[in-house]
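Here is what each chain is made of, one letter per residue.
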Amino acid sequence: MTHIEHSPDQLSHKIPVGISSCLLGDNVRYNGGHSHSDYCDKVLTKYFDYQKFCPEMAAGFGTPRPTLRLEGDPNSPRMTFSKNAEEDVSDVFMAASNKYIEKLSHLDGYILMKKSPSCGLERIKVYQENGHPHMQRSAGMFTKALRQRYPLLPMEEDGRLNDPMLRENFLLRVFTHHDFRQSLGEGARMKDLIAFHSRYKYMVMAHSQPIYRKLGRMLSGNDTRPFHALKDAYFETLMTTLSQPAKRKNHCNVLMHLVGYLKHAVDVSVRKDILDVVEQYRRGEVNLATPVTLLHHYIKHYGSEYINQQSYFIPYPSPLGIRNTV
Ligand code: SF4
């Protein structure tokens, strides 16, 4: 039986993640330059095996090139060169993008360049005949097609990774996506899904108590759907739920639950000290790393195997220091 590493701290391989080429320093932008991201190229690269792509270069537009923009119906925009609205390049652009997108089913995440009519995740202007943008904004054309093809793939813009909450949430989803696909690959059975859920219970609880109960019911044995349908429904519910960052009060609730596992193992004064730190976190005086690290220290020594394996403790590589910022 193949050994599967679950903890992000023990992964011996990098996770496959797509990225806009210009973020890695490739001179592929319209002006012949790049948009190098230090965080992607120097920090996340230790954990991500990047697959880079520039959809405008793939469409044969070359560099430098005239700027492009979106036009028309914001729900289904066309792509044109900014200075020549008559030249609709949507078909040639989408042909190259779709050909590439078909080959991405192995990815666990995608990092995109902001403000681009091709790669932007959101808020891209769609110009109207009067020369003004429509009030409704769009995603870039490549990103829109990517999302349609892989709706559960975690995606984020490089700029938004500067926001601690959005960064935390993106990394959580990428590592969860990867863990699920590793744990529930070909040949997986119900017992594997139950084992996965067992590890993610407190993670899900931190995001939503009702979904925590819903997923538990799905796996209770009363759901009559075939395994593959149940697995797909579980994954969709899980990834959708994790896409909303967990609230501070929900983290406190989970932390208090976890302290309960130390009831018979450590003195009441130690548990009170831990709960005091949880309260400090609730009041915003310390970050999430403080109560989690303290609690994990005791759980490692005195907790059961079940509680020690909770992904809640190490959802992404510890050296990234993500929980020091939220
Ligand atoms: S934003 Fe996208 S299309 Fe524009 S240069 Fe970067 S990779 Fe290419």
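What counts, and where the lines are drawn
Residues numbered from 1 in each chain as written. Predicted model: local features only at pLDDT ≥ 70, side-chain atom pairs only at ≥ 80, totals over all residues. Heavy atoms only, no water. Helix = DSSP H or I, 4+ residues; strand = E, 2+ residues; numbered from the N terminus. Buried < 20%, exposed > 50% of the residue type's maximum accessible area, 1.4 Å probe, protein only. Contact = heavy atoms within 4.5 Å. Areas by Shrake-Rupley, 256 points an atom, 1.4 Å probe, with all protein chains shown as cover. Lys, Arg positive; Asp, Glu negative; His and termini not counted. Charge placed at Lys NZ, Arg CZ, Asp CG, Glu CD. Axes fitted to C-alpha atoms, helices over the stretch in contact; angles between N-to-C directions. Parallel < 35°, antiparallel > 145°, perpendicular 65-115°, else oblique. Left-handed = near helix turned anticlockwise from the far one by under 90°. Nonpolar A, V, L, I, M, F, W, Y, C, P; charged D, E, K, R; others polar. Polar contact = N/O pair within 3.5 Å; in protein donor to acceptor, adjacent residues only side chain to side chain. Pairing = 2+ DSSP bridges. Near = heavy atom within 4 Å. Salt bridge = Lys/Arg side-chain N within 4 Å of Asp/Glu carboxyl O. Arc of directions from axis to C-beta. Domains from an automatic or database assignment. Buried area = accessible area lost by both parts, 1.4 Å probe.

## A few points about the overall build of the protein chain
- From N to C terminus, the protein chain includes 12 helices and eight strands.
- Taken along its principal axes, the extent of the C-alpha atoms in the protein chain is 75 × 45 × 35 Å.
- The 326 residues of the protein chain split such that 50% are buried.
- Taking contacts inside the protein chain between residues at least 6 apart in sequence as the whole, the part at least 24 apart equals 68%.
- A total of about 16,100 Å² of accessible surface is found on the protein chain, and carbon and sulfur atoms cover 50% of it.
- Separation between the mean location of the 42 positive side-chain charges and that of the 34 negative ones in the protein chain comes to 4 Å.

## Thoughts on the packing of helix α9 (residues 248-260) against helix α11 (residues 289-302)
- Put simply, α9 and α11 touch, their axes get as near as 10 Å, and they point 20° apart. The angle between α9 and α11 falls in the class roughly parallel. Crossing handedness for the pair α9 and α11: left-handed. Residue-level contacts link L255, L258 and V259 of α9 to P291, V292, L295 and I299 of α11.
- Its residues assigned to classes, the contact of α9 with α11 shows seven nonpolar, no polar and no charged.

## So, the environment of N31
- By secondary structure assignment, the location of N31 is in the loop between β1 (15-20) and α1 (38-43).
- Among the residues examined, N31 registers a relative accessible area of 44% and is labelled partly exposed.
- Once the C-alpha coordinates of N31 and P66 are considered, the two residues, 35 residues apart in sequence, prove to be 8.1 Å apart.
- One polar contact links the side chain of N31 to the main-chain amide nitrogen of G33, over a distance of 2.9 Å.

## Observations regarding the sheet that holds strand β7 (residues 126-127)
- An order of β5-β4-β3-β7 is seen for the four strands of this open sheet, with the pairing classed as mixed. For this open sheet the edge positions go to β5 (84-88) and β7, each flanked by a neighbour on one side alone.

## Quick word on the site of the ligand
- Taken together, 14 residues lie around the ligand, and C22, C54, E56, M113 and C119 are the ones closest in.
- When grouped by side-chain class, the residues that make up the shell around the ligand number seven nonpolar, four polar and three charged.

## Side note on the pattern of salt bridges
- Considering all chains together, one arrives at 18 salt bridges under this definition.
- Of the charged contacts in the structure, one is a salt bridge between R123 and E157, with a shortest N-O distance of 3.8 Å. With R123 in the loop between β6 (109-112) and β7 and E157 in strand β8 (residues 155-157), this residue pair connects regions lying 34 residues apart in the sequence.
- Across the pair D223 and R225 runs a salt bridge whose closest N-O atoms are separated by 2.8 Å.
- Judged by its relative accessible area of 38%, R225 is partly exposed.

## Concerning the pairing of strand β4 (residues 78-81)
- Note: strand β3 (residues 68-71) against β4, four bridges, orientation antiparallel. Across the sheet, L68 pairs through a bridge with F81, a residue of β4.
- Hairpin remark: β3 followed by β4, antiparallel, with six residues in the connecting loop; positive phi at G72, about 90°.
- Bridge count for β4 against β5 is two bridges, and the pairing is antiparallel. Bridge assignment links T80 to a residue of β5, and that residue is D88.

## Focus on helix α7 (residues 209-218)
- Inspection of α7 places I211, L215 and M218 among the buried residues, and these make up the whole buried set. For α7, the angular spread of buried residues about the axis comes to 55°, placing them on one side.
- For α7, the elements touching its buried residues are α6 (190-207) and α8 (227-242).

## With respect to the domain arrangement of the protein chain
- According to the domain assignment, the protein chain contains domain 1 (8-162) and domain 2 (192-326).
- Counting from both sides, the interface comprises eight residues of domain 1 and, opposite them, 12 residues of domain 2.
- Where domain 1 abuts domain 2, roughly 760 Å² becomes buried across the two surfaces, and 73% of that area is made up of carbon and sulfur atoms.
- The interface formed by domain 1 and domain 2 includes zero salt bridges.
- Our enumeration of links across domain 1 and domain 2 arrives at one residue pair in polar contact (both at pLDDT 80 or more).
- The residue inventory of the side of domain 1 that touches domain 2, partitioned by class, reads seven nonpolar, no polar and one charged.

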